[in-house]
Amino acid sequence: MSNFRLAKLNDSKSLLIIPYCYRSMNSPHILILDDRPIIADLIQNFLQGEVGYKVVASVSTLAQAQERLRNQVVDIVIVDMLFNNNTGLLLLKWLHQKQLQTKILVLARLVGNSYVSDVVRYGVSGLLYENTLLTELKSALIQIARGETYFSTAATKTIVTSVKANYREESAVKSINSLTAREKEVLSLVVDGSTNAEIADEISISIRTVENHRANILRKTGGKNFFHLAKIICQNRLLEFNEI
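Bear in mind that the values here come from a model prediction, so they are computed numbers and not experimental data.

**Student:** Just checking my understanding: could you explain the pattern of salt bridges for this structure?
**Tutor:** Pairing of side chains with opposite charge becomes possible as their charged atoms draw close. Taken as a whole and judged by the stated rule, the model has six salt bridges. Measuring nitrogen to oxygen at the nearest pair gives 2.9 Å for the salt bridge that ties Asp34 to Arg36. Residue classification places Asp34 among the buried residues on the basis of a relative accessible area of 4%. A salt bridge links Asp80 to Arg36; the nearest nitrogen and oxygen atoms lie 3.8 Å apart. Within this pair, whereas Asp80 is found in strand 5 (residues 76-80), its partner Arg36 is found in the loop between strand 3 (29-33) and helix 2 (37-48), the two being separated by 44 residues in sequence. Take Asp80: its relative accessible area is 1%, and that puts it in the buried class. Taken together, the salt bridges that share partners define one network made up of Asp34, Arg36 and Asp80.

This is how it looks when you write it as structure tokens:
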């Protein structure tokens, strides 16, 4: 069943079964979701001038996109990720939940955005930055229509960097949680903004011992600095630090 697409017939309540692989390989039907008319029109006009592509619609809201996807055959949806109110991301989540066979090509406005990990999580078929040429957009659509993926060189670098950063953060969280009770106590006070002298006075140890604890904390966690560790603590809600 994975090679077929179910589409509602407008004049009945029945479902029309369309060979998905045939449509994708020969004449992919494309939906554009972008709230900027100039960009949407540029992409639509370019694709309409190419043989083998059919732009079924260009829409500017999540509701419009969902309506089209429910009632029309759409093989590939081109999504602008930096929509108002996270519209692009919400559509990715919706498609993922509905388990539709529609392929997704994401257009990102900026290199290195934080949503890259979300893009990968929801299984998109391609990612391009908007400084790319229209000819590369065409290449991406060709590969995606074949059932392959297409990520530009810049997008691939961003994804690799994001994956590495997530791995380092997960590793740091584990390391923080494995610190000794005294090291956690020192780290908690450092994050609160206490100086070495204040920490020494607070927990009745020497300043030299505080310095040693700080050095051991950075070594064990691999943290760049204590600001970096504080950020990880806040993002991962390591609230036990406030209870020490």
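That shown, we press on.
**Student:** What is the right way to read the packing of helix 9 (residues 196-203) against helix 10 (residues 207-221) from this model?
**Tutor:** To describe two helices that pack against each other, one gives the angle between their axes and the distance between the axes. At a closest axis distance of 8 Å, the pairing of helix 9 and helix 10 adopts a crossing angle of 105 degrees. Judged on the interaxial angle alone, helix 10 and helix 9 are roughly perpendicular. Residues Asn196, Ala197, Ile199 and Ala200 of helix 9 pack against Ile207, Val210, Glu211 and Arg214 of helix 10. Per-class residue counts for the contact of helix 9 with helix 10 are five nonpolar, one polar and two charged.

**Student:** Can you walk me through the sheet that holds strand 5 in this structure?
**Tutor:** Pairing between sheet strands relies on hydrogen bonds along the backbone, with the strands arranged either parallel or antiparallel. The parallel open sheet is built from six strands, whose spatial order is 4-3-5-6-7-8. Edge strands, defined here as strands with exactly one partner in the open sheet, are strand 4 (54-59) and strand 8 (150-151). The strands that helix 2 touches are strand 3, strand 4, strand 5 and strand 6 (103-108); relative to strand 4, the one it contacts most, it runs at about 170 degrees. Contacts from helix 3 (residues 62-71) reach strand 3 and strand 4, with the element oriented near 150 degrees to strand 4.

About the cut-offs
Residues numbered from 1 in each chain as written. Predicted model: local features only at pLDDT ≥ 70, side-chain atom pairs only at ≥ 80, totals over all residues. Heavy atoms only, no water. Salt bridge = Lys/Arg side-chain N within 4 Å of Asp/Glu carboxyl O. Buried < 20%, exposed > 50% of the residue type's maximum accessible area, 1.4 Å probe, protein only. Helix = DSSP H or I, 4+ residues; strand = E, 2+ residues; numbered from the N terminus. Axes fitted to C-alpha atoms, helices over the stretch in contact; angles between N-to-C directions. Parallel < 35°, antiparallel > 145°, perpendicular 65-115°, else oblique. Contact = heavy atoms within 4.5 Å. Nonpolar A, V, L, I, M, F, W, Y, C, P; charged D, E, K, R; others polar. Pairing = 2+ DSSP bridges.

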